[in-house]
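Residue strings, one per chain:
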Amino acid sequence: MMEHQAASSSRWSRRSVLGVLAAAPFVTGGVLAAPGAAHVGTGGTARLETRIREIMGRADFQGCRWGLTFRPLGSDKAVFALNSDQLFIPGSTYKIFPGATVFSAFGAGHRFRTRIFRTGPIIKGVVKGDLIVVASGDLLMGGRIQRDGSLALPDLDHTFSEGNPLPGDPLRTLKDLARRVKARGVRRVEGRIRVDASLFREGEEDLFDNGIHIPVTPMMLNDNVVDVTVTPGPRAGATAGLRLSPDVGYVRITNEVVTVAEGATARPLRFVDDVAAADGTRRVRLTGDIPVTTRQRFVPYHVRGPARFAEMAFAMALADAGITAEAGRSRPGKARHLLAEYVSPPMSEQVKPMLKVSSNVHTLHFPYLTGGIAEGDTEHPERRGEQLQAELLRKAGLRGDLPDQARGLYTPDFFVAFLEYVSRRRYFSPFVHALPILGRDGSLQEVQPDASAAGHVFAKTGTAGTMNPATGKPVLSKGLAGYIRLPGGRWLGFAEFVEKPEAPFTWQYAAGDVLGEIAAVVYEELS
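The rules behind the values
Residues numbered from 1 in each chain as written. Predicted model: local features only at pLDDT ≥ 70, side-chain atom pairs only at ≥ 80, totals over all residues. Heavy atoms only, no water. Helix = DSSP H or I, 4+ residues; strand = E, 2+ residues; numbered from the N terminus. Buried < 20%, exposed > 50% of the residue type's maximum accessible area, 1.4 Å probe, protein only. Contact = heavy atoms within 4.5 Å. Polar contact = N/O pair within 3.5 Å; in protein donor to acceptor, adjacent residues only side chain to side chain. Axes fitted to C-alpha atoms, helices over the stretch in contact; angles between N-to-C directions. Parallel < 35°, antiparallel > 145°, perpendicular 65-115°, else oblique. Left-handed = near helix turned anticlockwise from the far one by under 90°. Pairing = 2+ DSSP bridges. Expected span 1.5 Å × (residues − 1). Bend = angle between axes of the 7 residues up to and from the residue. Salt bridge = Lys/Arg side-chain N within 4 Å of Asp/Glu carboxyl O.

Novice: So what about the overall build of the protein chain? Which residues, and what values?
Specialist: Looking only at helices and strands, the protein chain features 13 helices and 22 strands. Looking at the protein chain as a whole, 56% of its 527 residues qualify as buried. Restricting the contact set of the protein chain to residue pairs at least 6 apart, pairs at least 24 apart contribute 72%.

Novice: How would you sum up the side chain of Thr-114? Please name residues and give values.
Specialist: Locating Thr-114 in the fold gives a position in strand β4 (residues 113–118). In this structure the side chain of Thr-114 is engaged in a polar contact, spanning 3.0 Å, whose partner is the side chain of Ser-136. Apart from the residues lying within four places of it in its own chain, the contact partners of Thr-114 are Val-133, Val-134, Ser-136, Asp-138, Met-141, Leu-177, Ala-340, Glu-341 and Tyr-342.

Novice: Lay out the environment of Val-257 with the relevant residues and their values.
Specialist: If you trace the backbone, Val-257 turns up in strand β14 (residues 251–260). By relative accessible area, Val-257 is classed as buried at 0%. Separated by 15 residues in sequence, Val-257 and Leu-242 have C-alpha atoms that sit 9.0 Å apart. In this structure Val-257 touches Val-230, Ala-238, Thr-239, Ala-240, Leu-269, Leu-286, Thr-287, Gly-288, Asp-289 and Ile-290, once residues within four positions along its chain are discounted.

Novice: Can you explain the packing of helix α4 (residues 172–183) against helix α5 (residues 306–320)? Please cite residues and give values.
Specialist: It is the contact of α4 with α5, at a shortest axis distance of 8 Å, that shows an interaxial angle of 55°. Between α4 and α5, the crossing angle belongs to the class labelled oblique. Viewed along their axes, α4 and α5 form a crossing whose handedness is right-handed. Of the residues in α5, those in contact with Leu-174, Lys-175, Leu-177, Ala-178 and Val-181 of α4 are Ala-310, Ala-313, Phe-314, Ala-317, Leu-318 and Asp-320.

Novice: Please set out the pairing of strand β12 (residues 225–231) residue by residue, giving values where relevant.
Specialist: Burial of β12 is extensive: 6 of the 7 residues sit out of reach of the surface. In terms of strand pairing, β12 meets strand β17 (residues 297–302) through 6 bridges, oriented antiparallel. Its bridge partner lying in β17, Asp-227 is registered against Pro-300. Pairing of β12 with strand β13 (residues 241–245) involves 5 bridges; the strand directions are antiparallel. The residue of β13 that forms the bridge with Thr-231 is Gly-241.

Novice: Would you mind going over helix α8 (residues 360–374) in detail, with residue names and values included?
Specialist: With 15 residues, α8 ought to run about 21 Å at 1.5 Å a step, and its terminal C-alpha atoms sit 21 Å apart, in line with that. Its maximal kink placed at Tyr-368, α8 deviates by approximately 25°. Among the 15 residues that make up α8, 13 are buried, leaving the element largely enclosed by the rest of the structure. Its side-chain oxygen 3.4 Å from the backbone nitrogen of Val-361, Ser-359 forms the N-cap of α8. At the C-terminal side of α8, Gly-376 shows a positive phi close to 75°.

Novice: So, the packing of helix α2 (residues 46–56) against helix α13 (residues 507–526): which residues are in play, and what are the values?
Specialist: Running from amino to carboxyl end, α2 crosses α13 at an angle of 165°, the nearest separation of the two axes being 10 Å. Of the possible angle classes, the one that applies to α2 and α13 is roughly antiparallel. Of the two elements, α2 crosses α13, and the hand of that crossing is right-handed. From α2, Arg-47, Leu-48, Arg-51, Ile-52 and Ile-55 reach across to α13, where they touch Val-514, Glu-517, Ile-518, Val-521, Val-522, Glu-524 and Glu-525.

Novice: Residues and numbers for the pattern of salt bridges, please.
Specialist: Counting across every chain of the model gives 30 salt bridges. Glu-379 is the partner of Arg-201 in a salt bridge, and the nearest nitrogen-oxygen pair spans 3.8 Å. Placement of Arg-201 in the loop between β9 (193–196) and β10 (203–206) and of Glu-379 in the loop between α8 and α9 (381–395) is noted, with a sequence separation of 178 residues between them. Judged by relative accessible area, Glu-379 falls into the partly exposed class, the value being 46%. Between Arg-267 and Asp-289 there is a salt bridge, with the nearest N and O atoms lying 2.9 Å from each other. Highlighted residues: Arg-267 in the loop between β14 and β15 (270–276) and Asp-289 in strand β16 (residues 282–291), separated in sequence by 22 residues. Asp-289 gets classed as buried once you look at its relative accessible area, which sits at 7%. Linked through salt bridges whose partners overlap, the residues forming this network are Arg-47, Arg-51, Glu-524 and Glu-525.

So, in structure tokens, the structure goes:
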């Protein structure tokens, strides 16, 4: 944690929802209880309760604690509720709050402008000075943007260990800028390629992924990830193959991954001994095993120096455009002169990696963007960003500073009250469509794809865990919160959580599917 970042209650809530096991204290009382008395309100039916009870009574969910509420927007009465005032660990469902804060602070249409400046004149195609990339906070520079303008949003995202690499060219944005520089008549740069990432003070955050910490700056290229694909050698005992994307020379990997026989215990892939060289590049060892029968595995290398990474990548993009960047001393000019500009996709797209595929990398950046850019607090951007979120909760008639929230615990009623407030804001429609859509995309793409509700449920998923101090064994929690669009233009806000003690890690997949099934049942019964 940076010294200027206070351990506020909102910060501890964010820590607990990024997926770290034992990030919040064990929830005592009722964990092993059977479902309690449900409330079926106006518009609800006995059949609706019967169907939901049948789902909750399945063998996989014996001993679970449930909390859920489904409420029409504009009404204070739920059509169905159960334990809706009890506290749960929301996991990444919590990202609804920073997501709405981003829309509130910037607006759905805000775009970032990444600019290229020269510090000297252009004489016969030669820049007599440096080229400076001024970072703007754009989080989508890289391989996410596809040729048709859509975003690549794989689940599991490439920012997670064992995720899926992005299909696009990670240097696409920089190559576009390089072509624009060339169109201005530039053929050579005598000075250096530099990145100005001074828009706000840099921070460092825990990614909650194998002890990885990442820098948070306004410069992001390919999510500040080098995608490393590992392929097995020809036989057990052989060294594995590595492929880096983008391979701009920023990181040199000593490959210690060993091919092992089918069925053999394989060590996880891990980067170790990551050290900086004098020129700002990195050297690191990659250890672990890959079975000989495995087609490939993926591991992300999280960049430690985003500015240096982007400098080397832009130099490569310039070379691809036929522009030579001399390796020499900086030639500072008295002024900067605009040479080229790239305008990002709108904020309604920027939030999708956080909301649709739950990227923690993006989630950690947004408080800095809202505080440092929208509010102009360049010294303490994250603190101001979290204050904005607390202010938004207060506008919704909610408090974000209660002791339970400091422990990362929220009720279904709290979520639905906030969703009700968001539904009255002008950014409601883009916010809804930035959420995963049941059976269609994001973390809900494979959930209930054949249900009549597919395409009509917009909701954020979440997974979290804690430890039972009495047994030392985990309790897993799964959440889903968002909106259901009913025929005739009617909308419901809903939140549902289920937790199970001593559950195997794979239980979360069954739990995620069943929460989607309950939402689908509500859609069917009220349509």
